[in-house]
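# Results of the structural survey
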Amino acid sequence: MIETLFKAYTPLFIWIGLGLALSRFTPDKLAKWLGQLLYWVGVPLQLLVLARHTNASIGLLIPEIGVAVVLLSLTLALLTWWLWQGFMSQKTKPEEQSIEVSDSLKRASLGSFILATILGNTGFVGLTLTQVLTSPENTDWAVLFSLTNNVFGTYGIAVLIASYFGQKDTENHWWIQFRDIATVPSLWAFFIGLNTQFVKLPVEIESGLEQSVWVVIALALLLVGLRLGTIKEYKNLDIAIIASVLKVFIVPLLVGLGATFFGINGEQRLVLVLMSGTPTGLSVLILAEVYDLDRNLLASSIALTFVGLFLALPLWLIWFG
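Being a predicted model, the structure only gives us computed values, none of them experimental.

### Some words on empty space enclosed by the protein
With the rule as written, the count across this model stands at 2 cavities of 30 Å³ or more. Contributing to the lining of the largest cavity are 15 residues, with Asn 121, Gly 123, Phe 124, Asn 150 and Ser 283 lying nearest its centre. Here the lining of the largest cavity gets 4 residues from one element, more than from any other, and that element is helix α7 (residues 139-166). Broken down by class, the residue content of the lining of the largest cavity amounts to 5 nonpolar, 10 polar and no charged. Of the pockets and cavities examined, the second largest cavity occupies roughly 60 Å³. Lining the second largest cavity are Val 69, Val 70, Ser 73, Ile 118, Gly 120, Thr 122, Phe 145, Asn 149, Lys 247, Met 275, Ser 276 and Thr 278. By residue number, the principal contributor to the lining of the second largest cavity is helix α3 (residues 61-91), which donates 3 residues.

Shown next, in the form of C-alpha cells:
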C-alpha cells in the first residue's frame, strides 16, 4: 500500500515542488499567464479527451451523485460560514465588532471559501488515485464523476459564484452571469468531445491528445506551486482550515455513509469517497486569476487539503474500501 501511494503522489511532489522553487525567481505575471492558458486551452483540452473516451452507457447515476455532492458541499459551506461569523461576532469586543464583521464578510473571501469547499481536484488527483487504488472496470465511474464535477461544478455553478463575488466593481445581472457560464470554453469542449466519440482519428493524433492530458496536469500542478510560493502571510488560515476540514473529511464521510445506506459498496463506494474527498481543485486558482478572488485563502486551502488527504486516505481505505 505504501509503495502504491508513493507512486500516486510522486508527480504531485515533483511539479508542485518545482513551482515552489520557480516562484522565487519568476515574476507574478507567469502565474497569471499560466492560469489564463489553462483556463482557455489546457482544461478544455483535457475535458475534450476525457469526454471522447467516456462510456456514458452506465446511465445518469454518477452525474446525479456528482451534482448532489456539489450541492451538499455548497450547503455545508454556507451553513458553516454563517455559524463561523456568528461565533466571531460574539468573540469580538463591541467597539471592534463592526470593523471585524465588515472585514470578515468581504465578498471575495466568502466566494473563495465556498469555492474551496465545493470544488475538488477530481481531474488531476482524483483520477490518479482511483487508477492506482481501484480496478480498471471502475474507471468510468471516476471519469463521469470528474466530468460532472468539472461541467456542473467548476465551470458551471462555480463560474456563477466567482462571477458574483469576484466582480465587485460592476453591477451584477443574471444575464451577465449567464453569459459567463455560456462562454466557458470547457463546457463547449466537453460537449464537442461527447458528440465526436464516433469520429476515428489517426493513431498519432489520438496518442498526442492523450499525452497532452498529462502536460495539462503538470502545468496545473506547477501553477499550484507558483501560487503557494507567493504566500507571505497566512491571514486567512483559520477560515482555510475550516474549508479544508469540510472538503477532505466531512463531505467524503457523508458521501461514504450515504452510499452505504443506498447499497453501494466495495470499490464503487471507495471511488465516490475518493472523488468527493480530493483536495481543493487547482481550478480555483484559475478562477481566482480570471475573477480576482482571494488567492491567499484559496492557495492556503489547497495546501491544507493536500496535507489532510494524507491523514484521511488511510481512513477511507479502511472504512469504505
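### Some points on helix α11 (residues 237-261)
Between its terminal C-alpha atoms α11 stretches 35 Å, which fits the 36 Å expected from 25 residues at 1.5 Å a residue. In α11, a bend of some 35° at Leu 246 exceeds every other bend along the element. Downstream of α11 by one or two residues, Gly 263 has phi in the positive range, about 85°.

### Thoughts on the nonpolar core
If you look at the biggest cluster of nonpolar residues, it comprises 90 residues, and the most contacted ones within it are Phe 113 and Leu 115. If one sorts the elements of this core by residue count, α7 sits on top with 14 residues. Setting aside residues no more than four positions away along its own chain, Phe 113 makes contact with Ala 77, Thr 80, Trp 81, Ile 239, Ile 242, Ala 243, Leu 246 and Leu 297. Counting residues in hydrophobic clusters, the runner-up holds 5 residues, among them Val 248, Val 273, Trp 316 and Phe 320.

Conventions and cut-offs
- Residues numbered from 1 in each chain as written.
- Predicted model: local features only at pLDDT ≥ 70, side-chain atom pairs only at ≥ 80, totals over all residues.
- Heavy atoms only, no water.
- 1 Å grid on protein atoms, 1.4 Å probe; cavity = no way out; pocket = protein on both sides within 12 Å on 5 of 7 lines; lining within 4 Å.
- Points joined across faces, edges and corners; volume = space filled by probe spheres on them.
- Helix = DSSP H or I, 4+ residues; strand = E, 2+ residues; numbered from the N terminus.
- Nonpolar A, V, L, I, M, F, W, Y, C, P; charged D, E, K, R; others polar.
- Expected span 1.5 Å × (residues − 1).
- Bend = angle between axes of the 7 residues up to and from the residue.
- Core = buried A, V, L, I, M, F, W, Y, C linked by side-chain atoms within 4.5 Å.
- Buried < 20%, exposed > 50% of the residue type's maximum accessible area, 1.4 Å probe, protein only.
- Contact = heavy atoms within 4.5 Å.

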